[in-house]
Amino acid sequence: MAGQAAGAPKVFPARDAQYIGGKWRPAAADARIDVVAPATGQVIGRVPAGDARDVDAAVRAARAALPGWAATAPAERAARLAAARDLMAAGRAEIAATVSAELGAPPAFATAVHADLPIRVMGSFATLAAEYAFEEKIGNSRVFQEPVGVVGAITPWNYPLHQIVAKAAPALAVGCTVVLKPAEDTPLVAQWLAAVLDEAGLPAGVFNLVTGLGPVAGQALAEHPEVDLVSFTGSTAVGRRIGAVAGGAVKRVALELGGKSANVILPGADLARAVNVGVANVFANSGQTCSAWTRMLVDAARYEEAVELAAAAAAKYVPGERLGPVVSAKQRERVRGYIRRGVEEGARIVAGGPEAPEGMTAGYYVRPTVFADVRPEMAIAQEEIFGPVVVLIRYEDEEDALRIANGTVYGLAGAVWGADEESAVAFARRMETGQVDINGGRFNPLAPFGGYKQSGVGRELGAHGLAEYLQTKSLQF
Ligand code: NAD
């Protein structure tokens, strides 16, 4: 890319083409989408704004490739995914540079998370493809797990490569074929992956990519009659519509939606650690993490101490250094709007605020913000902000904490910190949520990930994620 230092890792150059049937080919329409670097506001590339004609061509290619790929031995499918994993690992610096450019993630985070996580996930599905029991015996029956068919994958921009790999890798592992419609804000790393899968030797039509706008290309993909399963990650508003369309057509659907996860700090927990890890959890990726613990629940006796610790922790997230920009001008306005709303609702700002960070004239930066005196019914405690904003809520006793923790429409993730593991686990078992980290438990890329309540339908990652792409057939003898 122009202006890059010699030897710096390359940002994947935008391709003015769709990847369909094993070839890069021109889009049907002339329209383009500008790819904007959130750190500068400058256009760094243009990709096709695909429409229903591109989607139709891609779905037909995926349908044509399905019988051959579904009949391929699992060991061969595993070998293709392992080749993809190796190519991804070799291209780690390019992934990080590309995600850094189009999402704005700071380089260290882009490498450690945006590159390394999808590399691990691709590797995990290469292993699962080879080891999974696609057949079992139940009494006088042989029961087969068969691929669902053509998968339409629609993904968001916040973990752009991870979210694609979390869908495409298990689908390909079991013998499904895929049409991907990535987020319009981050299409470059999606094009990079299409090039990698091509190089890894996937047969033509097994993986297809159509860039385009959600209400145009995304909707055409969700509605296409030749798509057997729609796997969507994004907002609850769009997910609800996709679920309705899929339900109307009696096709399978998997939805990974929003969250407003609770970080519950029980009396007796290590307060400093729980607050510091909790703040880091929210501010990572500029707060644009669906599973972020955006509500911190602290008992009344230690509440003010926690507020001070959180404000001190926030001060370490200097915009432009450890804290990247949010993805777009639109997202920045949304986040600032929520910060203003919190003030109007009577919450107390102890760090950050709605103004632009000092000295940051370019880029979509937001000040890392901590709210105290937040009541559970406030909009900033109920709605997903998707920016670097954490709210601290006071609770009276454990029952009160549980009521608050479970008191939103969401249920994606959470954390519990207790004096001992047993009490934390007992509390976590009563939470209406799909994943809970106990006393700082580490992310596990093989553990099922997905939501209770309006956070979604289905699970991703590991063997549970693989099973989403299977359907069951019984033969009786
Ligand atoms: P979004 O719902 O606007 O977009 C997600 C994807 O859907 C994009 O590819 C977009 O082009 C497409 N899309 C938009 N309208 C569509 C339509 N009418 N039909 C078909 N496709 C359409 O969400 P976003 O703003 O890109 O992402 C942020 C949201 O995603 C947040 O709410 C966040 O919580 C959620 N999210 C959830 C998870 C999870 O795993 N649960 C992960 C990441 C993001």
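Model, not experiment: these values are computed from the prediction.

A separate point is the overall build of the protein. Regarding its fold elements, the protein presents 15 helices and 20 strands. For 477 residues, the compact-globule estimate of 2.2 N^0.38 gives 23 Å, and the C-alpha radius of gyration of the protein, at 22 Å, lies within 12% of that figure. Dimensions of the protein along its principal axes, counting C-alpha atoms only, are 65 × 65 × 40 Å. The burial tally for the protein puts 56% of its 477 residues in the buried class. Within the protein, contacts between residues at least 6 apart in sequence are counted, and of these 74% link residues at least 24 apart. When the accessible surface of the protein is split by element, carbon and sulfur atoms take 53% of a total near 18,600 Å². Positive and negative side-chain charges of the protein, numbering 45 and 50 respectively, have mean locations separated by a distance of 4 Å.

Turning our eyes to something else, we now look at the domain arrangement of the protein. When the domains of the protein are assigned, the result is domain 1 (18-257 + 456-476) and domain 2 (262-444). For domain 1 versus domain 2, the separation of C-alpha centres amounts to 31 Å. With 22 residues of domain 1 in contact, the opposing surface of domain 2 contributes 22 residues. Remark: the boundary between domain 1 and domain 2 carries 0 salt bridges. If you look at where domain 1 meets domain 2, you find 5 residue pairs in polar contact (both at pLDDT 80 or more). Of all the secondary-structure elements, those providing two or more residues to the side of domain 1 that touches domain 2 are α3 (92-103) and α4 (107-131).

As a further point, take the nonpolar core. In this structure, Met88, Ile95 and Phe207 are the most contacted members of the largest nonpolar core, which totals 64 residues. Counting contributing residues, this core receives three or more from each of domain 1 (18-257 + 456-476) and domain 2 (262-444). Residue contacts for methionine 88: discarding those within four places in its chain leaves Ile95, Pro118, Ile119, Met122, Leu161, Val165, Trp192, Leu193 and Val196. Judged by nonpolar contacts, the second largest core, of 30 residues, contains Val264, Tyr338, Ile380 and Ala401.

Okay, the site of the ligand next. Taken together, 29 residues surround the ligand, and among them Gln163, Glu184, Ser235, Leu257 and Glu384 come closest. Measuring from an oxygen atom of the ligand, one finds a side-chain N or O atom of tryptophan 157 at 3.0 Å. In isolation the ligand has 840 Å² of accessible area, and contact with the protein removes 89% of it. Within the residue set of the shell around the ligand, elements represented by two or more residues are α7 (214-223), β10 (229-233) and α8 (236-248). With 4 residues, α7 is the single largest residue contributor to the shell around the ligand. Broken down by class, the residue content of the shell around the ligand amounts to 14 nonpolar, 10 polar and 5 charged. A domain split of the shell around the ligand shows at least three residues from each of domain 1 (18-257 + 456-476) and domain 2 (262-444).

In spatial order, the strands read β14-β15-β16-β13-β12-β17-β18; together these 7 strands make up an open sheet with mixed pairing. With partners counted over all chains shown, the strands left at the sheet margins are β14 (348-351) and β18 (437-438), one partner each. In this structure, β14 lies alongside strand β15 (residues 369-372), joined through 3 bridges in antiparallel fashion. Note on β15: the bridge partner recorded for isoleucine 349 is phenylalanine 371.

This brings us to the sheet that holds strand β5 (residues 135-138). The strand order across the open sheet formed by 3 strands is β5-β6-β20, and the pairing between neighbours is antiparallel. The sheet is open, and its two borders are formed by β5 and β20 (470-476), each paired with just one other strand. Pairs of neighbouring strands in the sheet enclose a mean axial angle of 25°, with direction left out of account. Across 4 bridges, β5 lies against strand β6 (residues 141-147) in antiparallel orientation. The residue of β6 that forms the bridge with isoleucine 138 is serine 141.

Looking now at the environment of glutamate 384. With respect to the secondary-structure elements, glutamate 384 resides in the loop between α12 (379-382) and β16 (389-395). With residues up to four places along the chain from it excluded, the contact list for glutamate 384 reads Gly258, Gly259, Lys260, Cys290, Arg334, Tyr338 and Tyr410. Within the structure, the side chain of glutamate 384 is placed 2.9 Å from the backbone nitrogen of glycine 259, a separation counted as a polar contact.

Further remarks concern the pattern of salt bridges. Per the counting criterion, the structure on display carries 27 salt bridges. A salt bridge links glutamate 226 to arginine 63, with the nearest nitrogen and oxygen atoms 2.7 Å apart. Of the two residues, glutamate 226 sits in the loop between α7 and β10 while arginine 63 sits in helix α1 (residues 52-70), which places them 163 residues apart along the sequence. When its relative accessible area of 36% is taken as the criterion, glutamate 226 is described as partly exposed. Looking at arginine 63, the relative accessible area reads 26%, which means it is partly exposed.

Definitions and limits used
- Residues numbered from 1 in each chain as written.
- Predicted model: local features only at pLDDT ≥ 70, side-chain atom pairs only at ≥ 80, totals over all residues.
- Heavy atoms only, no water.
- Helix = DSSP H or I, 4+ residues; strand = E, 2+ residues; numbered from the N terminus.
- Rg over C-alpha atoms; globule rule 2.2 N^0.38 Å.
- Buried < 20%, exposed > 50% of the residue type's maximum accessible area, 1.4 Å probe, protein only.
- Contact = heavy atoms within 4.5 Å.
- Areas by Shrake-Rupley, 256 points an atom, 1.4 Å probe, with all protein chains shown as cover.
- Lys, Arg positive; Asp, Glu negative; His and termini not counted.
- Charge placed at Lys NZ, Arg CZ, Asp CG, Glu CD.
- Domains from an automatic or database assignment.
- Salt bridge = Lys/Arg side-chain N within 4 Å of Asp/Glu carboxyl O.
- Polar contact = N/O pair within 3.5 Å; in protein donor to acceptor, adjacent residues only side chain to side chain.
- Core = buried A, V, L, I, M, F, W, Y, C linked by side-chain atoms within 4.5 Å.
- Near = heavy atom within 4 Å.
- Nonpolar A, V, L, I, M, F, W, Y, C, P; charged D, E, K, R; others polar.
- Pairing = 2+ DSSP bridges.
- Axes fitted to C-alpha atoms, helices over the stretch in contact; angles between N-to-C directions.

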